[in-house]
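Coordinate inspection notes
So the chains spell out like this:
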Amino acid sequence: MSSTTEESDQIQQRRANLDALRALGVDVYPHGFDQQATVEAVVAAHSPSTGEALEAEQPRARTAGRILSIRSFGKANFLVISDGKARLQIYVRQDALSERDFQVFKLLDFGDWIGVDGRLFRTKTNELSVWASSLTFLSKCLLPLPEKWHGLQDIETRYRQRYLDLTVNPDSRRVFEIRSRVVTAIRAFLIARGFLEVETPMMHPIAGGAIARPFVTHHNTLDMRLYMRIAPELYLKRLTVGGMERVFEINRNFRNEGISTQHNPEFTMLEFYWAYAEYQGLMTLTEQMLAEVAVAATGGTEVTFGEHAISFAAPFRRLSLREAAREAASAKLGEPIPAEALRDRASAAALAARLGIDVAPSMGAGKIAAEIFEALCEDALIQPTFVHDFPTEVSPLSKQKPDDPDTVERFELYIAGFEVANAFSELNDPVEQRRRFEEQLASRAGGDDEAHAMDEDYIRALEHGMPPAGGEGVGIDRLVMVLTNSLSIRDVILFPLMRPR
RNA sequence: GGGCCCCUAGCUCAGUGGUAGAGCACCUGACUUUUAAUCAGGGUGUCCCGGGUUCGAUCCCCGGGGGGCCCA
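Here the structure is a predicted model, which is why all the values come from computation and not from measurement.

Conventions adopted
Residue positions within a chain follow its written sequence, with the count starting from 1. Here every chain gets a letter starting at A, and every ligand a number starting at 1, in the order they are written. Per-residue local features are limited, in this predicted model, to residues with pLDDT of at least 70; the limit for side-chain atom pairs, both in listing and counting, is 80 or more; totals at the level of whole chains, interfaces and linings are taken over all residues. In computing side-chain properties, one takes all heavy atoms of the structure into account and sets aside hydrogens as well as water. Each reported salt bridge corresponds to a side-chain nitrogen of Lys or Arg within 4 Å of a carboxyl oxygen of Asp or Glu. Secondary structure counts use DSSP, requiring at least four H or I residues in a row for a helix and at least two E residues in a row for a strand, with both numbered from the N terminus. Exposed residues in this analysis have more than 50% of their type's maximum accessible area, buried residues have under 20%, and partly exposed residues fall in between, with area computed by a 1.4 Å probe over protein chains only. Strands qualify as paired when DSSP identifies two bridges or more between them.

**Details of the pattern of salt bridges**
Throughout the structure, instances matching the rule amount to 36 salt bridges. Two residues, arginine 162 and aspartate 165, come together in a salt bridge whose shortest N-O distance is 2.8 Å. Residue arginine 162 and its partner aspartate 165 are located together in helix H6 (residues 162–168), separated by 3 residues, close to a single helical turn. Looking at aspartate 165, the relative accessible area reads 0%, which means it is buried. Across the pair arginine 318 and glutamate 287 runs a salt bridge, and its minimum N-O distance is 3.0 Å. In this pair, arginine 318 sits in strand S14 (residues 317–320) while glutamate 287 sits in helix H9 (residues 279–298), placing the two residues 31 residues apart along the sequence. By relative accessible area, arginine 318 is classed as partly exposed at 34%. Look at the salt bridges and you will find they share partners, linking Asp34, Arg60, Arg62 and Asp117 into a network.

**With respect to the pairing of strand S17 (residues 404–415)**
Extensive coverage of S17 is indicated by the burial of 10 of its 12 residues. Sheet analysis places strand S16 (residues 400–401) next to S17, joined by 2 bridges and oriented antiparallel. For glutamine 400, the partnering residue across the bridge sits in S17 and is valine 408. Where S16 folds back onto S17 in an antiparallel hairpin, the turn is made up of 2 residues. Here S17 runs beside strand S18 (residues 418–425); their pairing, made up of 6 bridges, is antiparallel. Pairing of glutamate 412 across the sheet is with asparagine 422, part of S18. Joining the antiparallel neighbours S17 and S18 is a turn of 2 residues, in which alanine 416 adopts a positive phi near 60°.

Right, dumping it as structure tokens:
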């Protein structure tokens, strides 16, 4: 690891070059540069042009970027500069520059920022290049950058010093370009359908709207405990009470839980609420949205994720949770398991025991069915699949099915073996909502410290009348993982949480 | 939290119970169309940290730190 107290020769050399530039009278940290086109724009505008066309037109370019390579031949030299998206070669001839600019050139290091002015041409090897007529020093790279050929491989350094990763690993930059396109496409899709983008609190007096452990903080002036939000759900639904019939929010949630290739303590969720819609309508909207997002982000609906080819073309497969669990259990045990086995606690617990799945005393039949599903089915759901009809017991905010009070109108979308979305017909009956919260309190008393807390203020909002609505959360990070073939969530989060060194 | 694996030059990586190597980068020199430029010369290091075993530890053992993957 580099040390700032004892500088390596390379750092000393770079400092010496900086001092020499100052001695030449160069402003080594100028305030700006009159850039007329980005490197990307220059390349895009002239990459179709032949050498003859460039000779005839003599187009000029005034652009800037970071130096990614220097090939020196004495009086003729080549630089490659990049704006992070595209790369452009600069031809530096001693006889085309002022003496001072050529001296500046000789003091440049790999990684420095430079502005260039010159005419475009093609070299003998047909590479689009700028024949530099002036150079403007823009900033110094005092620390050596990772190697140009292998790039930065060290995973820890890529996360801790993302700027190095972005500088030398083009694939990393590509991931975050796609991420931006995903968010932009989702926004456009929802806004086109009359949804209003809103921002709701990130700090909550009660951490609600999901089943998760919160981060706790404190407000000094009000002397009150606050929780970083685990979900925006209850606030967005308050907005539907207020008559905002279609709302969405794309923002961070915080959950004080483990870190894994699929979990970062802060992560980005889309949540949207759609008055008068039921969960079936949400499935249709979701397949349309994700197909559009896939096209906008990657150019098509077919993507590669690890060893899998995944298709975002609608419609997605639909599968009920208990049926999926029943089938998987039947296959594993080699005998047909009847559907009723998941409906009462005794037989569900017995089935779980046979499957080697631990069951806590506080779990009812619904929770056990969900556990069996998670243990047996999740990993196999590679193609986008709506798993629907969840047990009421694990869904305190969802509306029951009219003909089956043990089941709610809820689905989760699975892609590549993990949960990407969670949606349901929203429970808007305040009396039933209070009963569900009380059930959660009982399960908390029974040892489940993730159970949902009572929220009186939310119940009061429901008492004022919330329209029937469907609501959905989509994990943006996981969606981006699938669309960019990233096997870890840390590869799609610019600055994932790391232990301090 | 548990299991397995990793940490050596700026970067990518070899390697050994006798204080360390390659490629790129870097330094010196040559070179006016190269593109992983080439040619000649140069090795730049707290082998993650601490302790132990040993005549001697980067290597073996113990503890710690950071990271990765899997499991919970």
